[in-house]
Structure formats: structure tokens, C-alpha cells
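Residues per chain, in single letters:
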Amino acid sequence: MIKVTLKDGDCKEFPKGTSLYDMAKSISEGLARVCLAAEVDGELTDLRTSPQQDCAVNFLTWDSEGGRFAYRHTASHVLAQAVKRLFPTANLAIGPAIENGFYYDFDFETPINATDLDNLEAEMKKIIKEDIPIERFTLSREDAIRMMEELDEPYKVELIQDLPKDAELSFYRQGDFTDLCAGPHLVSTGKLKAIKLQYTAGAYWRGDEKNKMLTRVYGTAFPKKSELDEYLEQLEEAKKRDHNKLGRELELFTTVDYIGQGLPILLPKGAKMMQILQRFVEDHEDAHGWVRTKTPYMAKSDLYKISGHWDHYKDGMFVMGEEEKDKEVFALRPMTCPFQYQAYLNKMRSYRDLPLRYGETSTLFRNEASGEMHGLIRVRQFTISEGHLMCRPDQLEEEFKSCLEMAIYMLKTLGLYEDVSYRFSQWDPNDSEKYIGTPEQWDEAQSTMQKILDHLEIPYKVGIGEAAFYGPKLDIQIKNVFGKEDTLITIQIDQMLAEKFGMEYVDSDGSRKNPYIIHRTSIGCYERTLALLIEKYAGAFPTWLAPVQAKILPISEHYMEYARKVADQLANAGIRIEIDERNEKIGYKIREAQLEKVPYMLIVGEKEQADNAVSVRSRKEGDKGAMAVDDFLSAILTEVATKAR
RNA sequence: GCUGGAAUAACUCAGUUGGUAGAGUACCUCACUCGUAAUGAGGAAGUCGAGGGUUCGAGUCCCUUUUCCAGCUCCA
């Protein structure tokens, strides 16, 4: 007998050799029905495992990530089985569970289409109905390779060959289908309930663009049809917040095909929001010891040769001219650093001058690959709240902290703080081509940064190979409505470029030293920030950010003059105001203003004109009744000043 | 850049096996002068993204290209 301690502290005894699934059954039929996998002494495992000694067992249900992953991983195997049934010549690559579903990569002989996807889904449902038991077995590496060669699965053979020689490999078999897999999996295909194949996409074998592009089939699975439907409904709702759709509908931006990809046109409302954000950021920075520079948008190739951009970032730049043909070759700037450094180099610096904080509202140009552009989130020309801070080693941590605090303040003010996560972006020592500097320099820069991050207790995850070519970064990451993650804000420590440009200061002992440089942004690039704000608020921006803060809706033409008088008074106080001068019914004007998501509608008619008042309707709370113009003005000014959300 | 999908009026979309280009909204005109989410009538509006091909005839079929969307790769 072995003793099993359950999560709730209960102890049970079972004969040695009892599987976890049988244990669950003997505890209760209900548990057996809902448990999907288990943790034995903290290790994720299959229900078909039979513990050999006393242990702690935690049965995992749909409520745990481990349970969901086992469930969806099994769904991905069922998909692979369906593919092998309908397309016997297709080869299998990999098929994991992911955050909200699963995918499987296949190498099809001919591309599959939407009908094929429907057929595959139908076949999956058949496999689930067949309720095929799923068995686990292990093979030596050698036998595993032999089996996959016999099955003619070259990708699987390659995967196995990369595993350690003495590895014992686990396989899962369900009827006529066998796959290499670490598991865990459900006990039979019938445990799956609601599945849906969503779409296909290309994906490089092993994520390397030099490799063949495979077909990735995405799907999701839930224990109940109602939950699946709810999830799909949520996806549809999220799409309605998509900044790329909403931003165009709200007339914030547009694109024109003969201007080109990644070059959006900011319309008056979008440009106004950008201006508000920019003023907010610049004022805040200036109040915190930052000074402004204004540097050129382009430079001769000479500059980029010193900085290393020419060798490490040329593909990302717009270069004008050819080195062989033209006397001077210019390139638009992809980053501000080498330009702003010239301001530092303008004269000899003393240790007393540091820290020096240079801010610039900087427009940058990056020649992104054509498939990368996405609305305002990835563009080829963008404007960023860029800054470089030169300091002494003893000031580094304090300055880094203040940069981070500023970023957090900005995020909190915008209401995005709860949506971000931190990434400590490090270099990839195996890809030294991509970076300047020696391994020793990288170790030093990264350990300096790590010390600061740990000291500040920043909860980060590490991103290997995500560093800039000149140094490590703390990236503040955010997800868009589709769940795709992008960097919003970045704070970087750079020693290497300072050295390349010969930036120095004279220390108290008379010696010359290179300053530490912090590259940082306050709210990242304005285009991307705007995009995320659109999605965050579904276009209903906080009043301080709204391009139009109040719209005056006269009941009829008779009150137009009064409407203009009110508009003048509010506009003179700095409120962004519009009048709906059209000869339409009030209900119609309200509907339109509501759809434009204007924070306040001010209805004026006979009564209001008599009382020097406005009837206020808020987009959130509806009709709020009449109010003296002065009272409305002071209320909205307070709201704007506090940047209330 | 790669894989897949898409492009028809300002916007959202319909358009059957190839046979005269359609709706709703918006816009313009007129009437109505209106009290908290759509007043009515009329009008104008499209080289069917661009270029080439097949055909008596192409929005529809084929090729090239541009842009947009999802994903991959890459990045703020």
C-alpha cells in the first residue's frame, strides 16, 4: 500500500500500482469525471501514472492551467489524428497547447482551405465520439527514431535526434495514431467535449525563417459548448475594440495605399490626441529635470558607422543613395541615440554636470518588413518620447528607478498600468553577430541591470535574444485585443555606444570616465500608445484625452446663437467643443454624438437659453439634468485637471 | 520577407454557371423647427484596388502588382 496526501490534506491509502485515474474514481465518480491531469509531488503528470511510493497528489481540473493544457494538448493530438486520416501524406511537426487553445504544425502536400478545415473538425468530432483510449509508452532514442522513420515522419525524426542520446522518450497512442509527446494527456479522446478549428496560418519549422514554412492549424477546446460559444463571442467583442477598425471609424487615422505601408495619416482628432499626449509627457519630463534637444531626422552614413547601426541595423533603415555611386549617403534615423549623444559631446563634461537628462519628441524611421505593419501598432514612421540620461555609476540605480517611476506614472495616468508586464531583455550569446561588444561587456551590463531590477523588486520574465544590439533592456510589454504582445516602454542601460562615441566626463580625481547612459521612453511611441488607448477604452476616452470633450446640441436653429455663445465661453476656458449645427431632430443628434463617444452632450433649447444653462447628458450616465454653464465648466475643468478616468 | 484570406459608391456590404452595377448609411436639395439613441421626399455618386491576358462579351476566369487582415519571422 502507498499513502497519498491530497491537496485538502486528506490522506488515502491505495494498493501499489493503482493509477491516479483509478484513485480519483475511488475518491468520487465526480472527481474522475472532471479531473484532467495531476501533480504528483508538484510534478505535472498523467492520470494513467501509478505512483510507486507515498506522495502528495493534486488532481487538476479545468480550473488549473495544467488541466487546461492537458485537455487542449489532447485536442491537438485529435487534430493530428484527423489530419492523418484525411490527408495520409501530411507530415507532423509539433502541436502544443497554448494560452487559449492549441495548434498543430503540418506539412501538407497541397495547401488546405476552409472546407478542409470544416472536414477536419467533423473528423475530430468523430474521433471524440469513438472515445479511443489514449495509451502512453516509452522507447529508447534509437527505437524512437526507427519508429518515426517507419512512419515516414521526418520532422519527428529530427526532433528526436536533437534530444540527449540516453533520453527515454514518451509516446502517446490513440488507436491508429501515435505521437512523440511529453504529455500529459487525457485518458481517452471521449473526454473532449467542445472543439473548434479556427484558422490556418504559415509558421516556419522550428521558428526559423530559413526553414520550410509549414501550415499551422489553430483551434480551441472547452469542456462545455456554452463555454466555447462564450469564448468565441468574447473574441468577436474584442474585435470590435480593434484600434485599426475603431480608430478609422472614429476618424482618428486613415491610410492611403499610394502613400505606402506603415505610414498612417493622423486625422484632426487623432492628431489632437497625439498633441495632448505629447504635451502631457513633455511637461512632466521638463518638471522632472529633463531638458529638450531637437536633432536631425537623418545623417550621413558616417554617423551610423560609428554607432554600429550600419553593421547591425542597416536592414532596418531607409538609406538614401549608394555608397559606390554617391559621394554622400544619407539615412533616416531609426533611433535618436547617436544624434542626442552629439549634444553631450558638445563640450567637456564634469562629474558635477551629471546626471544630464536629454529628452526629445523624436520621429524615427524603420524599414520594417512588409508583413509586419499593423494599424498604428507597427508603423514605419513613428514619434517617440525618447530620452538619454548620462550619469555616474553611483547615480545609475537612482536614475534608473526614477525613469521607471516616470513610466509607471504615465501608465497609471493613462489607465494602462494594470495591463502591462515586465521583460528583462538580454542578448543571445549564441548569436553574437547581432550584437556589438564582448561577452564580458554584456555580462557586466546585464548583471548591473539585474542587480537594479532585483533591488527594485521588479517582477520580470527574461527574454533571451530580445536585447538591443548595444545593450540589455527592461521592456514594459502590453497585449493588444488579439492577445499579441508588444513593447510599449523600454528602459535600457548602455555602456557600449558611449565608448564608441568617446563620451566622457572628468571625475573628481581628474580622471576621464565614460558615463553610464540610460535610454528610455516615457510612454513609448505615440502611435502605439494611441492604438492601445483606443482598444483599452473602446474609443470612449477619458475626458482629458478625448479629442472632442463636449458637443453642443441645439434643439433647433432658433437656439444656434445661444449655442455659439456657450461654445465660445467653454472654448475660451480650453474645453474642446463642437456644435452640431445640422438641422436635425435632437434624438438624432444625441445618437450621433453617443456613437462618436463624446464625453458630454450639452443640449440647449428655450429653457436653457432663458436660464443661461445647459442640459448635460453624459455618454456614460445619460441625462444628468440642467446645469448653469459656469457650473458645468468648473466641473469639467476639474475632471480634466485630475485626469480622471 | 513567408503562408493563408480579402479589395465593388465616402462607409458597411450584396452581386447566381461570364451577359447593361445594387442596397442601407453618409453626402446634396426641399419640406418639417423639433426636448434626450435614427422625420419625410427627392437627387447626385462607382475605370468593381492597379496593369496585362483569355473571351463576341470579365466585378466574375488566368497572370503580375499594390494595399488591407490573421499568423510566422523580426521589432517600439
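Residues numbered from 1 in each chain as written. Chains lettered and ligands numbered in written order. Predicted model: local features only at pLDDT ≥ 70, side-chain atom pairs only at ≥ 80, totals over all residues.

S.K.: For this particular structure, what's the right way to read the overall build of chain A?
M.R.: In terms of helices and strands, chain A carries 20 helices and 33 strands. The principal-axis extents of the C-alpha atoms in chain A amount to approximately 85 × 75 × 55 Å. Relative to all contacts within chain A whose residues are 6 or more apart in sequence, the contacts with residues 24 or more apart total 66%. (Helix = DSSP H or I, 4+ residues; strand = E, 2+ residues; numbered from the N terminus. Contact = placed C-beta atoms within 7 Å.)

S.K.: Any chance you could explain the domain arrangement of chain A here in plain terms?
M.R.: Note on interface size: it is often stated as the accessible area lost on association of the parts. When its domains are assigned, chain A resolves into domain 1 (2-61), domain 2 (66-234), domain 3 (253-536) and domain 4 (550-641). Its C-alpha centre places domain 1 at a distance of 26 Å from the equivalent point of domain 2. On the domain 2 side, the residues contacting the eleven residues of domain 1 number ten residues. Of all the secondary structure elements, the ones that give two or more residues to the side of domain 1 that touches domain 2 are β3 (37-40) and β4 (43-45). Per-class residue counts for the side of domain 1 that touches domain 2 are six nonpolar, two polar and three charged. (Domains from an automatic or database assignment. Nonpolar A, V, L, I, M, F, W, Y, C, P; charged D, E, K, R; others polar.)

S.K.: Just checking my understanding: could you explain the pairing of strand β24 (residues 473-479) for this structure?
M.R.: In terms of burial, β24 is a largely internal element, five of the seven residues being buried. When strand β22 (residues 420-426) meets β24, the two strands line up antiparallel, connected through six bridges. Across the sheet, the residue bridging to Tyr422 is Ile476, located in β24. Linking β24 to strand β25 (residues 485-494), which pair antiparallel, is a turn of five residues; within it Gly483 sits at a positive phi near 85°. (Buried ≥ 20, exposed ≤ 12 C-beta atoms within 10 Å, placed from the backbone. Pairing = 2+ DSSP bridges.)

S.K.: In this structure, what is going on with the nonpolar core? I would like to understand it.
M.R.: The nonpolar side chains of soluble globular proteins are, as a tendency, buried together. In this structure, Cys403, Ala407, Ile518, Ala550, Ile552, Leu602 and Val614 are the most contacted members of the largest nonpolar core, which totals 87 residues. The element best represented in this core is helix α13 (residues 396-414), accounting for nine residues. Counting contributing residues, this core receives three or more from each of domain 3 (253-536) and domain 4 (550-641). Non-local contacts of Val614, meaning those with residues more than four positions away in its chain, are made with Val566, Leu602, Ile603, Val604, Glu608, Met627, Val629 and Phe632. Judged by nonpolar contacts, the second largest core, of 53 residues, contains Val57, Leu79, Ala82 and Val187. (Core = buried A, V, L, I, M, F, W, Y, C linked by C-beta atoms within 7 Å.)

S.K.: Got a minute to help me understand the packing of helix α3 (residues 65-86) against helix α4 (residues 114-130) in this structure?
M.R.: Between two packed helices, what matters for the description is the angle formed by their axes and the separation of those axes. Between α3 and α4, the least distance of the axes is 9 Å, while the angle of their chain directions is 115°. In terms of orientation, α3 lies roughly perpendicular with respect to α4. The crossing of α3 and α4 is right-handed. Of α4, the residues touching α3 (which contributes Val78, Leu79, Gln81, Ala82, Val83, Arg85 and Leu86) are Asn119, Leu120, Glu123, Met124, Ile127 and Ile128. Taken together, the residues of the contact of α3 with α4 break down into nine nonpolar, two polar and two charged. (Axes fitted to C-alpha atoms, helices over the stretch in contact; angles between N-to-C directions. Parallel < 35°, antiparallel > 145°, perpendicular 65-115°, else oblique. Left-handed = near helix turned anticlockwise from the far one by under 90°.)

S.K.: Quick question: what am I supposed to make of the environment of Arg512 here?
M.R.: In this fold, Arg512 is placed in strand β27 (residues 512-513). Owing to 11 C-beta atoms within 10 Å, Arg512 belongs among the exposed residues under this scheme. C-alpha separation for the pair Arg512 and Ser350, spaced 162 residues apart in sequence, amounts to 9.1 Å. Apart from the residues within four sequence positions on either side, Arg512 is in contact with Glu504 and Val506.

S.K.: I would appreciate a short explanation of the protein's contact with RNA strand B in the present structure.
M.R.: The environment of RNA strand B is made up of 64 residues, and the closest members are Gly202, Ser370, Gly371, Thr487 and Gly605. In terms of residue class, the surface near RNA strand B is made up of 20 nonpolar, 23 polar and 21 charged. (Near = placed C-beta within 6 Å.)

S.K.: Explanation requested: the sheet that holds β24 in the structure shown.
M.R.: The strands making up a sheet associate through hydrogen bonds between their backbones, and the pairing can be parallel or antiparallel. With mixed pairing, the eight strands of this open sheet are ordered in space as β16-β20-β21-β28-β25-β24-β22-β23. Because the sheet does not close on itself, it has two edges, and the strands there are β16 (291-292) and β23 (460-464). Relative to β23, β22 runs parallel, the two being bridged by five bridges. Looking at β23, one finds that Gln426 is bridged to Ile464.

S.K.: Whenever I open this one, the packing of helix α5 (residues 141-150) against helix α6 (residues 154-161) confuses me. Can you help?
M.R.: One way to put it is that α5 packs onto α6 with a least axis distance of 8 Å and a crossing angle of 165°. Comparing their axes, α6 and α5 come out roughly antiparallel. Crossing angle aside, the handedness with which α5 passes α6 is left-handed. From α5, Arg141, Ala144, Ile145, Met148 and Glu149 reach across to α6, where they touch Lys156, Val157, Ile160 and Gln161. Counted by class, the contact of α5 with α6 contains five nonpolar, one polar and three charged residues.

S.K.: Explain α4 here, please?
M.R.: Working note: α-helix, 3.6 residues per turn, so residues spaced by three or four point in the same direction. The end-to-end C-alpha separation of α4 is 24 Å, in line with the 24 Å expected for 17 residues at 1.5 Å each. Along α4, the positions that sit buried rather than exposed are Leu120, Met124, Ile127 and Ile128. Along the axis of α4, the buried positions cluster into a sector of 100°, meaning they face one direction only. Across from the buried face of α4, at angles greater than 90 degrees, the exposed residues are Thr115, Asp118, Ala122 and Lys129. Tucked into the core, α4 has its buried residues touching α3 and β12 (194-204). At the exit of α4 stands Asp131, carrying a positive phi of roughly 50°. (Expected span 1.5 Å × (residues − 1). Arc of directions from axis to C-beta.)

S.K.: Could you clarify how one ought to interpret the pairing of strand β10 (residues 168-174) in this entry?
M.R.: The side chains of a regular strand alternate, first on one face of the sheet and then on the other. In terms of strand pairing, strand β9 (residues 134-140) meets β10 through seven bridges, oriented antiparallel. Bridged to Glu135 within β10 is Arg173. The sheet contact formed by β10 and strand β11 (residues 177-180) spans four bridges and is antiparallel. Across the sheet, the residue bridging to Arg173 is Thr178, located in β11.

S.K.: Help me understand unusual backbone geometry, please; the structure alone is not making it clear to me.
M.R.: Peptide bonds are trans in most cases, and residues, glycine excluded, mostly fall at negative phi. Omega for the bond connecting Leu354 with Pro355 falls within 30 degrees of zero, at 0°, which places this linkage in the cis form. Note that Pro355 resides in the loop between α12 (337-345) and β20 (356-365). Even without glycine at this site, Asp152 takes up a positive phi of about 60°. Counting through the fold element by element, Asp152 comes out in the loop between α5 and α6. Residue classification places Asp152 among the exposed positions, given that 11 C-beta atoms sit within 10 Å. Positive phi values are uncommon outside glycine, yet Arg206 reaches one of about 60°. Take Arg206: it is sitting in the loop between β12 and β13 (213-222). Looking at Arg206, the number of C-beta atoms within 10 Å reads 16, which means it is partly exposed.

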